[in-house]
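What follows is each chain in one-letter form.
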Amino acid sequence: MKAILTQDIKSLGKKGELVSVSDGYARNYLFPRKLASEANAQAMNELKNRDAAEKHRIETEKAKALAEKAALDGKTVKLAAKAGQSGKLFGSVTAKEIAEKIKDEFGVEVDKRKIAVEEIKRFGTYECEVKLYHSISANIFIFVGE
């Protein structure tokens, strides 16, 4: 018998998967505990629609990430900071400040946790990686000056 899982089951599969199980296992264990539903025509159609919607969502996110990469890749973000006579900053430049500046200059909203930058404690130019999607990232330069 074919069944669609409504919850993750360790030995069987993940939520939303179509699995083939014995009739007794399905009727006596999976269905009464609401762990699965019968794979009838309506349920199969819903499963296909859900998969198509998920695929479409992933494609749109990937296209958006590629557009953001084109807008950011190789660009320089200029940040102003105060420093002592030796060029050492009072404090440091954080990923939050970089994310805000990227949003202001390029209109691309980036989560501060997705910015991989070393600690910036002096004036100068630093290279930084901005992760936009699973395998899509942009390299930008951070210029810190007065």
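Once a new chain begins, its residue numbering starts again from 1 and follows that chain's sequence as written. Given that the model is predicted, a residue must reach a pLDDT of at least 70 before its local features are reported, and side-chain atom pairs must reach 80 or more before they are shown or counted; all residues, however, enter totals for whole chains, interfaces and linings. Note that water and hydrogens are dropped before the side-chain values are worked out from all heavy atoms of the structure.

Description of the nonpolar core
Our working rule: Working definition of a nonpolar core: buried Ala, Val, Leu, Ile, Met, Phe, Trp, Tyr and Cys residues. They are joined through side-chain atoms within 4.5 Å. The cut-offs for exposure are 20% and 50% of the maximum accessible area for each residue type, with area from a 1.4 Å probe on protein chains only; residues under the lower value are buried, those over the upper are exposed, and the others partly exposed.
One finds Leu72, Ile98, Ile102, Ile115, Val130, Ile140 and Ile142 to be the most contacted residues of the largest nonpolar core, which totals 25 residues. Grouped together as the second largest cluster of nonpolar side chains are 9 residues, Ile9, Val21, Leu35 and Ala36 included.

So, helix H3 (residues 95-106)
Count 3.6 residues to each turn of an α-helix, and residues three or four apart come out pointing the same way. What counts, and what does not: Put simply, DSSP marks the helices as runs of H or I at least four residues long and the strands as runs of E at least two long, and each gets a number from the N terminus on. Expected helix span is given by 1.5 Å per residue-to-residue step, counting one fewer step than there are residues. Arc, as used here, means the arc of the directions from the helix axis to the C-beta atoms. Contacts are residue-level and defined by heavy atoms, with any inter-residue pair within 4.5 Å sufficient.
Its 12 residues place the ends of H3 16 Å apart at the C-alpha level, agreeing with the 16 Å of an ideal helix rising 1.5 Å per residue. For H3, the full list of buried residues reads Ala95, Ile98, Ala99 and Ile102. What you see down the axis of H3 is that its buried residues fit within an arc of 100 degrees, all on one side. Turning to H3, the residues buried within the fold contact helix H2 (41-72), strand E4 (76-80), strand E5 (88-93), strand E6 (115-116), strand E8 (124-131) and strand E9 (137-145).

Observations regarding the packing of aromatic side chains
Formally: Only Phe, Tyr and Trp rings take part, Trp by its six-membered ring, and two of them pair if their centres are within 6.5 Å. Stacked means planes under 30 degrees apart, edge-to-face means over 60, and tilted covers everything else.
Considering all chains together, one arrives at 1 aromatic pair under this definition. Taken together, a centroid distance of 5.4 Å and an interplanar angle of 15 degrees make the contact between tyrosine 25 and tyrosine 29 stacked. With tyrosine 25 and tyrosine 29 both in helix H1 (residues 23-30) and 4 residues apart, this pair spans about one turn of that helix.

Points about the confidence of the model for the protein chain
Note the cut-off: pLDDT is defined as a per-residue confidence score from the predictor, taking values between 0 and 100.
Looking at the protein chain as a whole, its pLDDT mean stands at 91, while 100% of the residues score no less than 70. Looking over the protein chain, one finds the lowest element-wise mean pLDDT in E5, namely 87, and the highest in H1, namely 94.

A short note on the sheet that holds strand E3 (residues 36-38)
Backbone hydrogen bonds hold the strands of a sheet together, and the pairing may be parallel or antiparallel. The cut-off we apply is this: Here, strands pair whenever DSSP counts at least two bridges between them. Note on geometry: axes are lines fitted to C-alpha atoms, helical ones only across the stretch in contact, with angles between N-to-C directions running from 0 to 180 degrees.
Strand order in this open sheet of 3 strands is E2-E1-E3, and the pairing throughout is antiparallel. Every interior strand has two partners, whereas the edge strands, strand E2 (18-20) and E3, have only one. Ignoring strand direction, the axes of neighbouring strands in this sheet form an average angle of 40 degrees. Strands strand E1 (2-5), E2 and E3 of the sheet are contacted by H2, whose axis makes an angle of about 45 degrees with E1.

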